[in-house]
Amino acid sequence: MIRLPAFTYVPAKTVAQAARAMSDHGGAAMLVAGGTDLFPNMKRRQFEPTTLVGLRGIREIVGVRRGEDGGLTVGAGTTLSALATHADVVREHPALATAAGLVSSPQLRNMGTIGGNVCVDTRCNYYNQTFEWRQAIGFCMKKDGDICLVAPSSPRCWAVSSSDTAPVLWSLGARARLVGPGGERTVPVAALFRDDGIEYLAKRPDEVLAELLLPPADGWRSAYLKLRRRGSFDFPVLGVAVALRLEGDRVRAARIVLGAVASQPRETPAAAAILTGERLTPETITRAAEAAAGPSKPLDNTDLTHPYRKKLTRVFVARALARLAGLEAGPVSEEVA
Ligand SMILES: Cc1cc2nc3c(=O)[nH]c(=O)nc-3n(C[C@H](O)[C@H](O)[C@H](O)COP(=O)(O)OP(=O)(O)OC[C@H]3O[C@@H](n4cnc5c(N)ncnc54)[C@H](O)[C@@H]3O)c2cc1C
Ligand code: SF4
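The structure contained in this document is the topic of the report that follows. (Residues numbered from 1 in each chain as written. Chains lettered and ligands numbered in written order. Predicted model: local features only at pLDDT ≥ 70, side-chain atom pairs only at ≥ 80, totals over all residues. Heavy atoms only, no water.)

## Some points on helix α11 (residues 282–293)
Thought 1: End to end, α11 covers 17 Å across 12 residues, agreeing with the expected 16 Å (1.5 Å per residue, within 8%).
Thought 2: Along α11, the residues that are buried comprise Thr284, Ile285, Ala288, Ala289, Ala292 and Ala293. Projected down its long axis, α11 carries its buried residues within an arc of 165°, all on one side.
Thought 3: Looking at the packing, one finds that the buried side of α11 touches β11 (250–259), α10 (269–275) and α12 (306–324). (Helix = DSSP H or I, 4+ residues; strand = E, 2+ residues; numbered from the N terminus. Expected span 1.5 Å × (residues − 1). Buried < 20%, exposed > 50% of the residue type's maximum accessible area, 1.4 Å probe, protein only. Arc of directions from axis to C-beta. Contact = heavy atoms within 4.5 Å.)

## Some points on the pairing of strand β8 (residues 208–214)
A regular strand carries its side chains on alternate faces of the sheet.
Thought 1: By the criterion of burial, β8 is predominantly enclosed, with seven of the seven residues buried.
Thought 2: Looking at chain direction, strand β5 (residues 72–75) and β8 are connected through four bridges and run antiparallel. When the bridges of β8 are listed, Val74 appears paired with Leu212.
Thought 3: In this structure, strand β6 (residues 175–180) lies alongside β8, joined through five bridges in antiparallel fashion. Opposite Ala176, over in β8, you have Leu212 as the bridge partner. (Pairing = 2+ DSSP bridges.)

## Observations regarding the sheet that holds strand β2 (residues 29–32)
Thought 1: Sheet architecture is open: three strands sit in the order β1-β3-β2, paired in parallel fashion. The sheet terminates laterally at β1 (8–11) and β2, the two strands that pair on one side only. Strand after strand, the sheet turns through a mean of 25° between neighbouring axes, direction not considered.
Thought 2: Of the pairings in the sheet, the one linking β1 to strand β3 (residues 51–54) comprises four bridges and is parallel in character. Counterpart to Thr8 in the pairing with β3 is Thr51.
Thought 3: Those strands touched by helix α1 (residues 15–25) are β1, β2 and β3, and its axis lies near 155° from that of β2. (Axes fitted to C-alpha atoms, helices over the stretch in contact; angles between N-to-C directions.)

## What to know about the site of ligand 1
Thought 1: In the region of ligand 1, 33 residues are neighbours, and Leu31, Thr36, Thr113, Asn117 and Asp164 sit closest.
Thought 2: The backbone of Leu209 places a nitrogen or oxygen atom 2.9 Å from a nitrogen atom of ligand 1.
Thought 3: If ligand 1 stood free it would expose 970 Å²; the protein chains cover 92% of that surface.
Thought 4: Broken down by secondary-structure element, the contributors of at least two residues to the shell around ligand 1 are β2, α7 (114–118) and β8. (Near = heavy atom within 4 Å. Polar contact = N/O pair within 3.5 Å; in protein donor to acceptor, adjacent residues only side chain to side chain. Areas by Shrake-Rupley, 256 points an atom, 1.4 Å probe, with all protein chains shown as cover.)

## Focus on the sheet that holds β5
Thought 1: Read across the sheet, five strands follow the order β4-β5-β8-β6-β7 without closing on themselves; strand pairing throughout is antiparallel. Only two strands of the sheet have a single partner each, and these edge strands are β4 (64–66) and β7 (183–188). Strand-to-strand twist across the sheet, computed as the mean angle between neighbouring axes with direction ignored, equals 25°.
Thought 2: As judged from the three bridges shared by β4 and β5, these two strands associate in the antiparallel manner. What sits directly across from Arg66, in β5, is Leu72.

## Here we look at the nonpolar core
Across soluble globular proteins, nonpolar side chains have a tendency to be buried as a group.
Thought 1: Among the nonpolar cores identified, the biggest contains 38 residues, and Leu169 and Leu212 are the most heavily contacted of them.
Thought 2: Of all the secondary structure elements, the ones that give two or more residues to this core are β5, α3 (80–85), α5 (94–102), α7, α9 (165–171), β6, β8 and β10 (238–247).
Thought 3: At six residues, α5 tops the list of elements feeding residues into this core.
Thought 4: If we skip the residues at most four places from it in the chain, Leu169 touches Leu96, Ile114, Val118, Ala174, Val189, Leu212 and Leu214.
Thought 5: Of all hydrophobic cores here, the second largest spans 30 residues; its members include Val242, Leu244, Ala272 and Leu304. (Core = buried A, V, L, I, M, F, W, Y, C linked by side-chain atoms within 4.5 Å.)

## Notes on the pattern of salt bridges
Thought 1: This structure, assessed with the given rule, holds 24 salt bridges.
Thought 2: Salt-bridge contacts for Glu211 lead to Arg65; the nearest nitrogen and oxygen are separated by 2.8 Å. Here the residue Glu211 occupies a position in strand β8, and Arg65 occupies one in strand β4, the gap between them amounting to 146 residues.
Thought 3: Relative accessible area serves as the criterion here: at 46%, Arg65 is assigned to the partly exposed category. (Salt bridge = Lys/Arg side-chain N within 4 Å of Asp/Glu carboxyl O.)

## Some points on the side chain of Thr79
Thought 1: Tracing the chain through its elements places Thr79 in the loop between β5 and α3.
Thought 2: For Thr79, a relative accessible area of 19% corresponds to the buried category.

## Quick look at the packing of aromatic side chains
Thought 1: Taken as a whole and assessed by the stated rule, the structure comprises three aromatic pairs.
Thought 2: Taken together, a centroid distance of 5.3 Å and an interplanar angle of 45° make the contact between Phe131 and Phe139 tilted.
Thought 3: A relative accessible area of 27% means that Phe131 is categorised as partly exposed.
Thought 4: Cation over ring: Arg123 sits above Phe235, and NZ or CZ is 3.7 Å from the ring centre.
Thought 5: Sitting over the face of the ring of Tyr127, Lys142 holds its NZ or CZ atom 4.7 Å from the ring centroid. (Phe/Tyr/Trp six-rings, centres within 6.5 Å; stacked < 30°, edge-to-face > 60°. Lys NZ or Arg CZ within 6 Å of the ring centre and 35° of its normal.)

Structure, rendered in structure tokens:
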């Protein structure tokens, strides 16, 4: 059994308190919500905070409510189980409910929160290992080393964004409310991520993700499909989030965002442009799916081969579009034996 190292726990009662505690403890502190990703990472010494600022006691960020614009506001402390089964979320943003319901296993969804899922660490086969494994092979620049073991001449880390809900929130045009020690700001979820395996979040460590604001569904339909090795609990090795605004049988607006193919979710505007103004026919779907596969550039640092994951991008985008067109109703998650 791998044990947790010693740390000081600082329970926060409000988001502002949590932000202040993070600021007071500087780089030695991390936020913890459900702990489902953070604690295993601490056990493997990927994270070595000496202080954890606990978000579990903050009631103001738990639950889903109707915003003033008619959209839904999701508290960052809402569990994935609650989100996956929330009647308004299921009805208005089915892709978000699907993605939340496909994260890991029921136990982890009962503890894990949407805030933790959006902020979850990037992943790599050379990094998500025990301390001893990483020591034996030689540490990499994401933790304790100075080179990238996947691309040794690369000046950057290519660890993979592996959140199920982040590409969906991006495709739905959601915004994130961040609270820091000096005030708060609201940014598009699309602006929350950076294309860097180490500095993958475009927020300061002392900013707490408080809420996710979803615009009114207003004619938008959405779907999420996930590829993973084991359907029981694996991270995505490909996620496809599609949101379409239909007027009659024509697409008025589209957003397709891929997960697990880069260090941040990757939008595919060329594919969306092909769909805009068109009917969702098998022919347009094929053209859009081809275009969506272009920006999908997985590296050989997660499960399944990267050419296979790239090839499946086209297949999954086509399936998601066909599902929204009512032409196909296959499974939302595919596992590979
Ligand atoms: C076996 C296993 C399988 C998994 N499978 C999946 C999967 O299929 N898909 C998937 O997406 N994830 C998966 N996970 C990862 C994890 O369980 C989920 O991402 C979960 O939603 C994380 O939420 P949490 O509340 O437990 O976050 P924590 O573990 O508490 O925190 C995760 C990170 O987010 C930060 N954080 C948490 N809340 C906030 C906030 N409000 N503001 C700012 N920062 C915050 C923490 O500091 C930490 O860096 C898996 C984990 C394990 C161990
Ligand atoms: S991509 Fe390179 S630097 Fe990043 S975790 Fe993997 S091996 Fe380490």
